[in-house]
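# Remarks on the overall topology
Chain by chain, the residues:
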Amino acid sequence: MPALLIVNAKALVGVYPAGTTRVPGRRMHQLPLMENAWLLAVDGRITAFGAMDTLPPADSLPPHTRIDASGRYVLPGWCDPHTHTVFAAPREEEFVDKIKGLSYQDIAARGGGILNSARKLRAMDEDALYHQARTRLEEMMRQGTVAVEIKSGYGLTAESELKMLRVARRLKADLPLQVRTTLLAAHALPPEFAHDRQAYIDLICHTLIPQVAAEGLADFVDVFCETNYFTVAELEQVLEAGARHGLPGKVHVNQFTSLGAIAASVRHQALSVDHLEVMEEADLAALEGSSTIPTLLPSCSFFLRIPYAPARALMDRDLPVALATDHNPGSTPSGNMNLVLSLACIELRMLPEEAINAMTLNSAAAMGLAEELGSITVGKRASLLITKPVPSLAYLPYAFGSDHIHSVIIDGRPVHTGH
Ligand code: NIG
Ligand code: FE
């Protein structure tokens, strides 16, 4: 593969020194830039960059492809640390029911929601699931996503949860973007266990977690800790079993109710706590000073018309807020991180710089990839996006709904070039 040389960038964005693994909340408004710059990638890694007046003569560089980025920004590609992108079918009929007045909870109570997705996923073979998810991930890559976390959670039997994780592993092998996977067997109680909750938790802790750890099928464990789903005590059992097998927690908490799950997740050193639409003072206090990353999902709030997470309160406590799509058929049928950027600014009232830090370095950290991705740093993967000519960085979230991405590069190789 020839090297890649980008010249005349309006700015390289997110230029952090090696070893910077997250941006604490009170510093997120700072986004280090290098204006009028070049960048060299060799063998898929960033090997050098600098201001244009330091560009080495072309004949001193390895054979390379040259991209002129005049008027364009070069950013670290988006990292999306929370998705459910492997699923069997969309649920637009529930969307119409919501327009008519039903809530997410009403739909679940009628056997819709997660159990609706589980029935369809159990009946679908691995190949069909793979091809659908692949199409979704290809669209997400065109939209600038270079790393994604994918959860199971629509199987809800040992066999079907493993099927989902095998599909995700195949996607990881076949697609250029980085993929991390999470066992979310505790997403909803399957009807088969309606009268014996503990038997399902035991199946997760004593059978599934050891097996996915042994086969390298998952990097993390997750639990939907929520009224009518799983309790804090059950969350703790799963986090403990995950820890015994080297799988840290990335958990769904405080979406509709505050149950004390954040304090429990922090005690178990969860890597991230995700959603956080409903936060009490005790939840904020539990997170403060911890290493657990609050991950916010504003397109889920948008789609379900539920409250937005208190991003400012989290940043004021110096927490490294991350952003993700939550791409799934029920609460967020969109894997577009550019929409997340606009919603973060419009609804979470994050500054453009804060939001970009949250969807690059902090979101890489929220899936354990901050040493590889999330900033323009020598040694990291050259997984970048180049914007169309835009007047400023703030223009990216401001002109919402337009496509501002000119090209997407993963590991030094262009995967998409627009117009
Ligand atoms: O993150 N909250 C739980 N899980 C998903 C929604 C799953 C579904 O409705 O299919 C979420 O919003
Ligand atoms: Fe989710």
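Given the structure is predicted, the values throughout are model-derived calculations rather than measurements.

The next point concerns the site of ligand 1. Near ligand 1 you find 15 residues, and of these Tyr104, Tyr154, His187, Gln255 and Ser331 are the closest. Tyr104 is positioned with one of its side-chain polar atoms (N or O) 2.5 Å from an oxygen atom of ligand 1. Between ligand 1 and Gln255 there is a distance of 2.7 Å, counted from a nitrogen atom to a side-chain nitrogen or oxygen. For ligand 1, whose free accessible area comes to 330 Å², the fraction covered by protein is 100%. When atom positions are compared with the pocket grids, ligand 1 is found to occupy the largest cavity.

Rolled over the atoms, a probe with the dimensions of a water molecule shows which regions are left empty. Taken as a whole, the largest pocket holds about 340 Å³ of empty space. Lining the largest pocket are 18 residues, with Ala108, Ala109, Leu115, Asn228 and Tyr229 positioned closest to its centre. Within the residue set of the lining of the largest pocket, elements represented by two or more residues are α2 (104–109) and α3 (114–122). In the lining of the largest pocket, the residues fall into twelve nonpolar, five polar and one charged. For the second largest pocket, the calculated volume is near 280 Å³. Elements supplying a minimum of two residues to the lining of the second largest pocket: α12 (337–346) and β14 (384–387).

A few words on a nonpolar patch on the surface. Taken together, Phe95, Val96 and Ile99 make up a surface patch of nonpolar side chains, about 260 Å² in accessible area. Here Ile99 lies in helix α1 (residues 92–99). Relative accessible area serves as the criterion here: at 54%, Ile99 is assigned to the exposed category.

Pairing in this open sheet of four strands is parallel, and the strands run β10-β11-β12-β13 from one edge to the other. Since the sheet does not close on itself, it has two edges, and those belong to β10 (250–253) and β13 (322–323), each with one partner.

By the assigned domains, the chain splits into domain 1 (3–76 + 372–417) and domain 2 (79–365). Carbon and sulfur atoms make up 68% of the area that domain 1 and domain 2 hide from each other, which totals about 2800 Å². For domain 1, the biggest contributors to the area lost against domain 2 are Arg22, Met28 and Pro397; these three give 24% of the whole. Measuring nitrogen to oxygen at the nearest pair gives 3.9 Å for the salt bridge that ties Arg26 to Asp318.

Attention now moves to the coordination of the iron ion (ligand 2). Around the iron ion (ligand 2), the protein contributes the donor atoms His82 (NE2), His84 (NE2), His252 (NE2) and Asp326 (OD), at 2.1 to 2.2 Å from the metal centre. One chain supplies every donor to the iron ion (ligand 2), and in sequence these donors are spaced H-x1-H-x167-H-x73-D. Since its relative accessible area comes to 2%, His84 is described here as buried.

This part covers the pairing of strand β16 (residues 413–417). Here four bridges tie strand β15 (residues 405–410) to β16, and the two strands are oriented antiparallel to one another. The residue of β16 that forms the bridge with Ser407 is Thr417. Counting the residues that bridge the hairpin from β15 to β16 gives two residues, and of these Asp411 lies at a positive phi of roughly 50°.

This part takes up unusual backbone geometry. Of note, the phi angle at Leu156 is positive, near 60°, even though the residue is not glycine. Structurally, Leu156 is set in the loop between β7 (145–151) and α5 (158–174). The phi angle at Arg305 is positive, at roughly 55°, despite the residue not being glycine. Mapped onto the elements, Arg305 comes out in the loop between α10 (298–304) and α11 (311–316). Among the residues examined, Arg305 registers a relative accessible area of 60% and is labelled exposed.

Here the focus is the pattern of salt bridges. For the coordinates displayed, the defined rule picks out 17 salt bridges. With a shortest N-O distance of 3.5 Å, Arg317 and Glu288 are connected by a salt bridge. Note that Arg317 is positioned in the loop between α11 and β13 and Glu288 in the loop between α9 (281–287) and β12 (293–296), a separation of 29 residues in sequence. On the accessibility criterion, Glu288 (44% relative accessible area) is partly exposed. One continuous salt-bridge network, built from bridges that share partners, spans Arg45, Glu372, Arg381 and Asp411.

Taken as a whole and assessed by the stated rule, the structure comprises one cavity of 30 Å³ or more. For the largest cavity, the calculated volume is near 100 Å³. Taken together, 14 residues form the lining of the largest cavity, with His84, Tyr104, His187, Asn328 and Ser331 sitting closest to its centre. Residue classes in the lining of the largest cavity are distributed as four nonpolar, eight polar and two charged.

Scoring rules and cut-offs
Numbering of residues begins from 1 in every chain and follows the order in which that chain's sequence is written. A letter from A marks each chain and a number from 1 marks each ligand, given out in the order of writing. Per-residue local features of the predicted model are confined to residues with pLDDT of at least 70, and side-chain atom pairs are confined, for both listing and counting, to 80 or more; whole-chain, interface and lining totals are unaffected and use all residues. By convention in this description, side-chain values take in all heavy atoms of the structure and omit both hydrogens and water. By convention in this text, a residue qualifies as near a molecule or strand provided that one of its non-hydrogen atoms is within 4 Å of it. N or O atoms closer than or at 3.5 Å make up a polar contact, with two conditions inside protein: a donor-capable atom paired with an acceptor-capable one, and, for residues adjacent in sequence, both atoms drawn from side chains. Only the protein chains shown count as covering a residue, and every accessible area follows the Shrake-Rupley method with a 1.4 Å probe. Put plainly, a pocket is an open set of points on a 1 Å grid over the protein atoms alone with protein on both sides within 12 Å along at least five of seven lines, a cavity is a set where a 1.4 Å probe fits but cannot get out, and a lining residue has an atom within 4 Å of a point. Think of it this way: if more than half of a molecule's atoms are within 2 Å of a pocket's grid points, that molecule is in the pocket or cavity. Grid points are joined across faces, edges and corners, and a volume is the space filled by probe spheres set on the points. Numbered from the N terminus, helices here are DSSP runs of H or I no shorter than four residues, and strands are runs of E no shorter than two. Three residue categories are used. Nonpolar comprises Ala, Val, Leu, Ile, Met, Phe, Trp, Tyr, Cys and Pro, charged comprises Asp, Glu, Lys and Arg, and polar comprises the others, including Gly. Only residues whose relative accessible area exceeds 30% and that form no salt bridge enter a patch; like-charged residues are grouped when within 9 Å of one another, and nonpolar side chains (Val, Leu, Ile, Met, Phe, Trp, Tyr) when within 5 Å. Between Lys or Arg on one side and Asp or Glu on the other, a salt bridge is scored when a side-chain nitrogen of the former is within 4 Å of a carboxyl oxygen of the latter. When a residue's accessible area, from a 1.4 Å probe over protein chains only, is under 20% of the maximum for its type it is buried; when over 50% it is exposed; and in between it is partly exposed. Only strands that DSSP links by at least two bridges are regarded as paired with each other. Here the bounds of each domain stem from an automatic or database domain assignment. Note on terms: buried area is the combined drop in 1.4 Å-probe accessible area of two parts once they are placed together, counting the loss on both. Keep in mind that water is not among the atoms, so a site may look incomplete; donors are the N, O and S atoms within 2.8 Å of the metal, or 3.2 Å for Na, K and Ca.

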